[in-house]
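# Understanding the architecture of this molecule
Chain by chain, the residues:
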Amino acid sequence: MAILVLGGAGYIGSHTVLALLQAGHKVVAADNLTTGYRAALPPQVPFYQLDVRNRAALDKLFDVEQIEGVIHFAALSLVGESMQQPLSYYDNNLHGTMVLLQAMQAHNIHNIVFSSSAAVYGEPENVPILETDSANPTNCYGETKLAIEKLLFWTSQASNLRYVALRYFNACGAQPGGQIGEAHQPETHLIPLILQVPLGQRQKLAIYGDDYPTPDGTCIRDYVHVCDLAQAHILALNYLMQGKQSDVFNLGSGQGFSVQQVLDCARQVTGHPIPAEIAPRRPGDPARLVASSAKAIQQLGWQPQFSQLADIIETAWQWHCSHPNGYAEHS
């Protein structure tokens, strides 16, 4: 029996595929390669290029492969784009998950780990954020993730589906040694944007706002290493395989670092001055987002290995130095 990783050629998906293989699981990957890269997957992993909305393609995969659980990463995930193209986001993210669940039911597959997001919370009520805090997304992307969580809940109430939704914060870093890493087009995440400066791909970093109610005026975020996220997905799958109840878990480091702190740390790691300039605030950016991951640590047995920001940035720096053009040929 195998684990299907949908969106397996993407950033977190590819790291999870590798972690599953290292843990001794048989893995099948599927991706439409809109934002993923075939080169991010080990050649021995069976790969299906398909869209999650294509029921016939899913049925064919489930007919051929013996799947006992699904890890679902297949989603559009750019906040700004979601505000401009809400119909695309609902179609791909929510409708795609509905088609997936229909196919899973038809093939008697009952366990799914869903890649959710801290974006479901919107402006936080408390810091650190608890799973029981109100979910009031401030963007369409977050709304689609919350809608999928509700779809999973009601489907589980009406059937034998069991799920874990993992709400994670700022994914970052890369596989130690630089085998796989982060490659987005366009890039929107802070750490790779910072590292583009010492790589000569960007003249300076734009810091969006320095007048937030934080110690240095810049936004504070919770950065969690992608390999720690991958391990959490495996633990969540094991949790379901053991017959545990459906649930929702935050995944974060529990630490908050400001944009300025991340920039200063990257300057130390790279040995580059990395010039920066202050730009206007972006609408909808909360001042502080930090997770409480106590529930995942207690109930899933999650033990994040990358607690130091410098170590996280170092793994990202190794990847970007060895793959300055991402997965592009001749990188």
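In case you missed it, the structure is sitting above this.
Residues numbered from 1 in each chain as written. Predicted model: local features only at pLDDT ≥ 70, side-chain atom pairs only at ≥ 80, totals over all residues. Heavy atoms only, no water.

Moving on to the overall build of the chain. If you tally the helices and strands in the chain, you get ten helices and 14 strands. By the compact-globule yardstick of 20 Å for 331 residues, the chain fits well, its C-alpha radius of gyration being 19 Å. Referenced to the eigenvectors of the C-alpha coordinate spread, the extents of the chain come out at roughly 55 × 45 × 40 Å. Across the 331 residues that make up the chain, the buried fraction comes to 54%. Taking the intrachain contacts of the chain between residues at least 6 apart in sequence as the baseline, contacts between residues at least 24 apart amount to 76%. Counting 18 positive and 28 negative side-chain charges, the chain places the averaged centre of each group 3 Å from the other. (Helix = DSSP H or I, 4+ residues; strand = E, 2+ residues; numbered from the N terminus. Rg over C-alpha atoms; globule rule 2.2 N^0.38 Å. Buried < 20%, exposed > 50% of the residue type's maximum accessible area, 1.4 Å probe, protein only. Contact = heavy atoms within 4.5 Å. Lys, Arg positive; Asp, Glu negative; His and termini not counted. Charge placed at Lys NZ, Arg CZ, Asp CG, Glu CD.)

Here we take up the packing of helix H2 (residues 55–64) against helix H4 (residues 86–106). Packing of H2 against H4 leaves a shortest axis separation of 10 Å and a crossing angle of 35°. Our pair here, H2 against H4, has a crossing hand that is right-handed. Here H2 contributes Arg55, Leu58, Asp59 and Phe62 to the contact with H4, which in turn contributes Val99, Leu100, Gln102, Ala103, Met104 and Ala106. The residue makeup of the contact of H2 with H4, split by class, is seven nonpolar, one polar and two charged. (Axes fitted to C-alpha atoms, helices over the stretch in contact; angles between N-to-C directions. Left-handed = near helix turned anticlockwise from the far one by under 90°. Nonpolar A, V, L, I, M, F, W, Y, C, P; charged D, E, K, R; others polar.)

This part is about the sheet that holds strand E4 (residues 67–72). Within the open sheet, the seven strands sit side by side as E3-E2-E1-E4-E5-E6-E11. Their pairing is parallel. Two strands close off the open sheet at either side, each with one partner strand: strand E3 (47–49) and strand E11 (247–251). This sheet shows a mean twist of 20° between the axes of neighbouring strands, independent of strand direction. The strands that helix H5 (residues 140–158) touches are strand E5 (111–117), strand E6 (162–168) and E11; relative to E5, the one it contacts most, it runs at about 155°. (Pairing = 2+ DSSP bridges.)

So, on to the packing of aromatic side chains. For the structure shown, the criterion picks out four aromatic pairs. Look at Phe153 and Trp154: their rings are 4.8 Å apart centre to centre, the planes differ by 80°, and that puts the pair in the edge-to-face class. Of the residues examined, Phe153 reaches a relative accessible area of 34% and is grouped as partly exposed. Ring geometry for Trp319 against Tyr327: centres 5.0 Å apart, planes inclined by 50°, an arrangement best described as tilted. (Phe/Tyr/Trp six-rings, centres within 6.5 Å; stacked < 30°, edge-to-face > 60°.)

If you walk through the whole model with that rule in mind, you get nine salt bridges. Ionic pairing is found between Arg167 and Glu149, a salt bridge with its closest N-O pair at 2.7 Å. Of the two residues, Arg167 sits in strand E6 while Glu149 sits in helix H5, which places them 18 residues apart along the sequence. We note that Arg167, like Glu149, is buried. Asp285 is the partner of Arg282 in a salt bridge, and the nearest nitrogen-oxygen pair spans 3.0 Å. Put simply, Asp51, Arg53 and Asp91 are held in one network by salt bridges that share partners. (Salt bridge = Lys/Arg side-chain N within 4 Å of Asp/Glu carboxyl O.)

At their nearest, the axes of H4 and H5 sit 9 Å apart, and the two run at 20° to each other. If you check the angle between H4 and H5, you find them roughly parallel. Taken as a pair, H4 and H5 cross one another with a handedness that is right-handed. For the pair H4 and H5, contact is made by Pro86, Tyr89, Tyr90, Asn93, Leu94, Thr97, Met98, Leu101 and Gln105 and by Cys140, Tyr141, Glu143, Thr144, Ala147, Ile148, Leu151, Leu152 and Thr155, respectively. (Parallel < 35°, antiparallel > 145°, perpendicular 65-115°, else oblique.)

Looking at the element boundaries, Ser117 is found in strand E5. Within the structure, the side chain of Ser117 is placed 2.9 Å from the backbone nitrogen of Ala119, a separation counted as a polar contact. Apart from the residues within four sequence positions on either side, Ser117 is in contact with Tyr141, Lys145, Leu166, Arg167 and Tyr168. (Polar contact = N/O pair within 3.5 Å; in protein donor to acceptor, adjacent residues only side chain to side chain.)

Okay, unusual backbone geometry next. The amide bond that connects Val127 to the next residue, Pro128, takes the cis arrangement and shows omega of 5°. Locating Pro128 in the fold gives a position in the loop between E5 and H5. Residues other than glycine seldom take positive phi values, yet Leu33 does so here, at roughly 60°. Within the secondary structure, Leu33 is located in the loop between strand E2 (26–31) and E3.

Okay, the layout of surface pockets next. In this structure, the second largest pocket occupies an estimated 200 Å³ of space. As for the second largest pocket, its lining consists of 17 residues, and the residues nearest its centre are His184, Gln185, Pro324, Asn325 and Gly326. Classifying every residue of the lining of the second largest pocket by side-chain character gives seven nonpolar, eight polar and two charged. (1 Å grid on protein atoms, 1.4 Å probe; cavity = no way out; pocket = protein on both sides within 12 Å on 5 of 7 lines; lining within 4 Å. Points joined across faces, edges and corners; volume = space filled by probe spheres on them.)

A separate point is H5. End to end, H5 covers 27 Å across 19 residues, agreeing with the expected 27 Å (1.5 Å per residue, within 8%). Burial in H5 covers these residues: Cys140, Tyr141, Gly142, Thr144, Lys145, Leu146, Ile148, Glu149, Leu152, Thr155 and Ser156. Contacts from the buried residues of H5 go to helix H3 (79–84), H4, E5, E6 and E11. The backbone nitrogen of Tyr141 has a side-chain oxygen 3.3 Å away, supplied by the residue at the start of H5, namely Asn139. (Expected span 1.5 Å × (residues − 1).)

Shape is all these values report; function is a separate question.
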